[in-house]
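Here is how the chains run, residue by residue.
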Amino acid sequence: MAASDGKAEITTSDPRALEREVEARRAQLAGTIDELTSRLAPASIAQRSLATARGRVEGFVFDHRGGLRVERVAAVGVAVLGVTTFLVVRAVRKRR
C-alpha cells in the first residue's frame, strides 16, 4: 500500500492482497489507539508530570556534576524563613 498526501492508495486488485492490506492497516490503527490510550491515562499523565517536576527541582538544586547548589538552596531557605516570619508576625498582630 503506497501513501501520497496522507491518503492510502490501493495498489492491487487481488482480493487476498486487499484483505492483507486491510488487516495490516487495522493492526496498525489498533496499535496507535492502544498507544494513545496509555499516553492519555490519568495515571500516566500524573507520572510524567511528577517526573518533569522532579527533574526541574533536581536541576535547580544540583549542578551538571551532581554537586549541590548551596546558594540556591540557601536562597530558598531564606525565602521560606521570611514568609514564615511574616505570617507569624501577622498572626500575632491580629490577636491584639
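Residues numbered from 1 in each chain as written. Predicted model: local features only at pLDDT ≥ 70, side-chain atom pairs only at ≥ 80, totals over all residues. Heavy atoms only, no water.

Undergrad: Looking at this structure, I do not really get the overall build of the protein chain. What am I missing?
TA: On a plain count of helices and strands, the protein chain comes out with three helices and two strands. Order of helices (α) and strands (β) in the protein chain, N terminus to C terminus: β-β-α-α-α. A compact globule built from 96 residues should have a C-alpha radius of gyration of about 12 Å, whereas the protein chain, at 29 Å, is more than 25% larger. In terms of overall dimensions, the protein chain has a C-alpha envelope of 90 × 40 × 25 Å along the principal axes. Per-residue burial for the protein chain yields a buried fraction of 2% across its 96 residues. Per element, the accessible surface of the protein chain, about 8500 Å² overall, is 62% carbon and sulfur. In the protein chain, 17 positive and 11 negative side-chain charges are present, and the distance between their average locations comes to 23 Å. (Helix = DSSP H or I, 4+ residues; strand = E, 2+ residues; numbered from the N terminus. Rg over C-alpha atoms; globule rule 2.2 N^0.38 Å. Buried < 20%, exposed > 50% of the residue type's maximum accessible area, 1.4 Å probe, protein only. Areas by Shrake-Rupley, 256 points an atom, 1.4 Å probe, with all protein chains shown as cover. Lys, Arg positive; Asp, Glu negative; His and termini not counted. Charge placed at Lys NZ, Arg CZ, Asp CG, Glu CD.)

Undergrad: I'm lost on the packing of helix H1 (residues 15-40) against helix H2 (residues 42-61) in this one. Help?
TA: Packed helices, taken two at a time, are described by the angle their axes make and the gap between the axes. Relative orientation of the contacting elements H1 and H2 amounts to 60°, with a least axis distance of 5 Å. When the interaxial angle is binned, H1 and H2 end up oblique. Together, Ser38, Arg39 and Leu40 of H1 and Pro42, Ser44, Ile45 and Arg48 of H2 make up the contact between the two elements. Looking at side-chain class alone, the contact of H1 with H2 contains three nonpolar, two polar and two charged residues. (Axes fitted to C-alpha atoms, helices over the stretch in contact; angles between N-to-C directions. Parallel < 35°, antiparallel > 145°, perpendicular 65-115°, else oblique. Contact = heavy atoms within 4.5 Å. Nonpolar A, V, L, I, M, F, W, Y, C, P; charged D, E, K, R; others polar.)

Undergrad: Please explain a nonpolar patch on the surface as it appears in this structure.
TA: On the surface, Phe62, Leu68, Val70 and Val73 cluster together into a nonpolar patch covering about 350 Å² of accessible area. Counting through the fold element by element, Leu68 comes out in the loop between H2 and helix H3 (70-95). (Patch = residues over 30% accessible without salt bridge, like charges linked within 9 Å, V, L, I, M, F, W, Y side chains within 5 Å. Salt bridge = Lys/Arg side-chain N within 4 Å of Asp/Glu carboxyl O.)

Undergrad: I tried to follow the pattern of salt bridges on my own but got confused; where do I start?
TA: A side chain of one charge can pair with a side chain of the opposite charge if their charged atoms are brought near each other. Scanning the model with the defined rule gives three salt bridges in all. Of the charged contacts in the structure, one is a salt bridge between Glu23 and Arg26, with a shortest N-O distance of 2.7 Å. Of the two residues, Glu23 and Arg26 are both situated in helix H1; the distance of three residues between them amounts to about one turn of the helix. A salt bridge links Glu35 to Arg39, with the shortest nitrogen-to-oxygen separation between them at 2.6 Å. Placement of both Glu35 and Arg39 in helix H1 is noted, with a separation of four residues, approximately one turn of the helix. In this structure Glu35 comes out as partly exposed when scored by relative accessible area, which is 40%.

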